[in-house]
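# A closer look at the structure
Chain residues, written in single-letter form:
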Amino acid sequence: MSKPGVYPPIIDDPYADDVTQPFWDATQQGKLSCSKCRKCGTMLLPPQPRCYECQNDSFDWVELPGTGTVYSFTVVRHPLRPDLAEAVPYVSAVVELDGTQGAGARLLTNIVEVDVDKVRIGDKVKVRFDKISNALTVPRAVPAKPSPALSG
Amino acid sequence: MKDKTAVVGVGSTPYWKRGGSLPENEMSMACTAILAALDDAGLTVKDLDGFAIYSSSCDPAQVASVLGVPEVRFAATLTSGGGGSAGCIGLASAAIVSGQAEVVVSLMTLQQVGRRLGRTQTTGGPPVVPASPYGSGGVPPTYAFGAFSGLISPGHSFSILTQRHMHLYGTTREHLCEIAINQRANAIKRPTSIRKDPLTKDEYFNAQMLSDPLCLFDYTMESDGAIAVITTTAERARNCKQTPAYVMASANGGMGRWGPAIFNYFQQPDEYFASSGHRPVAKRMYEMAGIGPDDVDVALIYDHFSPMVLMQLEDYGFCGIGEGGPFIADGNIRLGGKIPVNTHGGHLSEAYIIGMTHVREAVEQVRGTAINQVPDCEIALVTGGPASLPVSGTLLRR
């Protein structure tokens, strides 16, 4: 199951509530969506019960382009669990998503299909949707311009 | 609160490598540390009437009954984790200044036998412990949003902040290496230190990378041990056995949107993402004390990860924001430098008792009894965190 560079699934259910379920409904359709405050327009990811800017509690769901920029990252090289021995080294990243204000809607994700030694802050990435179970499809990131040696 | 209280007693168990404290247990270790701290001050359990702790570091109900404390008049904890280690002295002082208690103990007891602190997020499944004992439990609905990132330990999280700092300011691994080497050099002279072998640059650069850009020597070690300190009124302190370490100022907290910061949050605004989260706390602390960073003689800076020393040097104003790397490279943090840092060896080399070794060293520096004594030390800074808020800073003076 474990593939080099891919952090393996540890859950197969999104454990969603009414606030978060629309996000997972969208990923199952291959779409990245974001919660947007109806009052001030702040984008929130993960969605929360209140907007941190205006404390409003009503939101719309908007579709994002599914592209973004590496804000920061680490290359995890030491496996903290036995099942991670084949996954390391893998890249964990904080990605700022196009179509959002950045902070408040950053995506924490695993960047896959990438040479781990070549990842840099500022790299463009795009979201790929990986089906984990019938209930859960998750966004992982890949380089916007695929590395020829690693794609596929 | 300024100068109205003082730390008068310090006590501890030995420091052990993780698991080395057996057959002691948390209670026996807590009792040893508290009794030693009271004795250091020339006080007894009959004098003790308060508990001001952090991170729920002991259960005052149990400790008070085991030790036979006559009456507990105050028992409170700062929330979250190690960020409160310096701030619990402020909590003790607040209890004392407000007249609620007079002799207050703060402590940490750490025994990593059944559970390793650094692996708190690595169980391989969703969290089973609810955020509050009064909630309905279950897996938080936001959990799945971070569960596929692979960010599963504090080390991974601090690597993210460090990488960003390097990107913005040109900070390098050479800078982090100097932090590790400085602290090892200080630890070597102390009998309490767990790591006593000299650390060379070659060893640092040949060490295993755990999560880029951090290697083995950028991570704290894993230890067991207990440390307690006693705080009381300035008036009473003058009749205690030791030179009082007066509490000039103490502050805890942080920007609301620092929040859980490094624990699968990472939504802090740009202006303080690559920081220690301490800036607002530092400002309030200096204002309370009426001094600035130039007045501080020694800095005991919470160092679970070496880059957080660098970011705190910036946030506490010892150098400009983004200038921590060059500041360190110039030798400023060494004994004899502009601001000696972690003269006890810190978490990286002495022992990791979640910040309380730093409080102990601050007291010893102010008393003039430290092993790596800074000459004419008048004022010591001690910090707790970076972590989820509250983080904290305290100034002690002779």
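Residues numbered from 1 in each chain as written. Chains lettered and ligands numbered in written order. Predicted model: local features only at pLDDT ≥ 70, side-chain atom pairs only at ≥ 80, totals over all residues. Heavy atoms only, no water.

## Points about the overall build of chain B
Helix and strand content of chain B: 13 helices and 12 strands. Its C-alpha atoms give chain B a radius of gyration of 20 Å, within 12% of the compact-globule value 21 Å for 398 residues. Overall, chain B is about 55 × 55 × 40 Å in size when its C-alpha atoms are taken along their principal axes. Among the 398 residues that make up chain B, the fraction classed as buried is 62%. Within chain B, residue pairs in contact and separated by at least 24 positions form 77% of the contacts whose partners lie at least 6 positions apart. For chain B, the exposed surface amounts to about 13900 Å²; the carbon and sulfur share of it is 52%. For chain B, the centre of its 30 positive side-chain charges and the centre of its 36 negative side-chain charges are spaced 2 Å apart. (Helix = DSSP H or I, 4+ residues; strand = E, 2+ residues; numbered from the N terminus. Rg over C-alpha atoms; globule rule 2.2 N^0.38 Å. Buried < 20%, exposed > 50% of the residue type's maximum accessible area, 1.4 Å probe, protein only. Contact = heavy atoms within 4.5 Å. Areas by Shrake-Rupley, 256 points an atom, 1.4 Å probe, with all protein chains shown as cover. Lys, Arg positive; Asp, Glu negative; His and termini not counted. Charge placed at Lys NZ, Arg CZ, Asp CG, Glu CD.)

## Remarks on the packing of helix α6 (residues 173-188) of chain B against helix α10 (residues 306-315) of chain B
In a pair of packed helices, the angle between the axes and the distance between the axes together describe the arrangement. Residue and element names in this part refer to chain B. Here α6 crosses α10 at 100°, and the two axes come no closer than 8 Å. As summarised for this structure, α6 and α10 are arranged roughly perpendicular, according to the angle between their axes. Every residue of α10 that contacts α6 at His175, Leu176, Ile179 and Gln183 is listed here: Ser306, Pro307, Val309 and Leu310. Taken together, the residues of the contact of α6 with α10 sort by class into 5 nonpolar, 3 polar and no charged. (Axes fitted to C-alpha atoms, helices over the stretch in contact; angles between N-to-C directions. Parallel < 35°, antiparallel > 145°, perpendicular 65-115°, else oblique. Nonpolar A, V, L, I, M, F, W, Y, C, P; charged D, E, K, R; others polar.)

## Concerning empty space enclosed by the protein
Taken as a whole, this structure holds 1 cavity of 30 Å³ or more when the rule is applied. Here the largest cavity defines a volume of roughly 60 Å³. Along the walls of the largest cavity sit A:Phe23, A:Trp24, A:Leu107, A:Leu108, A:Thr109, A:Val138, A:Pro139, B:Ala144, B:Phe145 and B:Phe148, which together make up its complete lining. Elements with a contribution of two residues or more to the lining of the largest cavity: α1 (21-28), β6 (107-111) and β8 (137-143) of chain A together with α4 (143-146) of chain B. With 3 residues, β6(A) is the single largest residue contributor to the lining of the largest cavity. Taken together, the residues that form the lining of the largest cavity break down as 9 nonpolar, 1 polar and no charged. (1 Å grid on protein atoms, 1.4 Å probe; cavity = no way out; pocket = protein on both sides within 12 Å on 5 of 7 lines; lining within 4 Å. Points joined across faces, edges and corners; volume = space filled by probe spheres on them.)

## Focus on the pairing of strand β5 (residues 103-110) of chain B
Look at any regular strand and the pattern is simple: side chains alternate between the two faces of the sheet. Residues and elements named next belong to chain B. The buried fraction of β5 amounts to 8 of the 8 residues, a majority that puts the element mostly inside the structure. Burial along β5 is two-sided: the residues Val103, Val105, Leu107 and Thr109 and Val104, Ser106, Met108 and Leu110 are all buried. As judged from the 2 bridges shared by strand β3 (residues 50-54) and β5, these two strands associate in the parallel manner. By the bridge assignment, Phe51 is partnered in β5 with Val105. Pairing between β5 and strand β8 (residues 223-233): 8 bridges, direction antiparallel. Within β8, the residue paired with Val103 across the bridge is Thr232. (Pairing = 2+ DSSP bridges.)

## A word on the nonpolar core
Judged by nonpolar contacts, the single largest core of 58 residues is most densely connected at B:Leu161, B:Tyr286, B:Val296, B:Leu313, B:Phe318 and B:Leu395. Discounting chain neighbours no more than four positions away, the residues touching B:Leu313 are B:Ile301, B:Phe318, B:Cys319, B:Phe327, B:Ile328, B:Ile333 and B:Val341. Counting 42 residues, the second-largest nonpolar core is a separate cluster that includes A:Ala87, A:Val88, A:Val116 and B:Ala144. (Core = buried A, V, L, I, M, F, W, Y, C linked by side-chain atoms within 4.5 Å.)

## Here we look at a nonpolar patch on the surface
All names here are of chain B. Judged by side-chain polarity, Leu168, Tyr169 and Ile321 come together as a nonpolar surface patch covering roughly 240 Å² of accessible area. Mapped onto the fold, Leu168 is located in helix α5 (residues 154-169). The exposure class of Leu168 is partly exposed, given its relative accessible area of 39%. (Patch = residues over 30% accessible without salt bridge, like charges linked within 9 Å, V, L, I, M, F, W, Y side chains within 5 Å. Salt bridge = Lys/Arg side-chain N within 4 Å of Asp/Glu carboxyl O.)

## Some points on the confidence of the model for chain B
Across chain B, pLDDT averages 95, with 97% of residues at or above 70. Both confidence scores are given for the complex: pTM 0.96, ipTM 0.96. (pLDDT = per-residue confidence, 0-100.)

## Overview of the environment of A:Trp61
Positionally, A:Trp61 belongs in strand β3 (residues 59-64). A relative accessible area of 30% places A:Trp61 in the partly exposed class.

## Considerations on the interface of chain B and chain A
The accessible area lost on association of the parts is a frequent measure of interface size. Counting residues at the interface gives 40 residues for chain B, matched by 45 residues for chain A. Across the chain B to chain A interface the summed buried area is about 3700 Å²; carbon plus sulfur atoms make up 63%. When the buried area of chain B at its contact with chain A is split by residue, B:Phe145, B:Phe148 and B:Gln267 rank highest and sum to 23% of it. For the pair chain B and chain A, the number of links is 2 salt bridges. Taking the shortest distance from any N to any O, the salt bridge between A:Arg77 and B:Asp212 comes out at 2.7 Å. On the surface where chain B and chain A come into contact, there are 21 residue pairs in polar contact (both at pLDDT 80 or more). At the level of elements, α4, α5 and β6 (209-211) of chain B are the ones that each hand at least two residues to the side of chain B that touches chain A. Sorting elements by how many residues they give to the side of chain B that touches chain A places α5(B) first, with 6 residues. Looking at side-chain class alone, the side of chain B that touches chain A contains 18 nonpolar, 17 polar and 5 charged residues. (Buried area = accessible area lost by both parts, 1.4 Å probe. Polar contact = N/O pair within 3.5 Å; in protein donor to acceptor, adjacent residues only side chain to side chain.)

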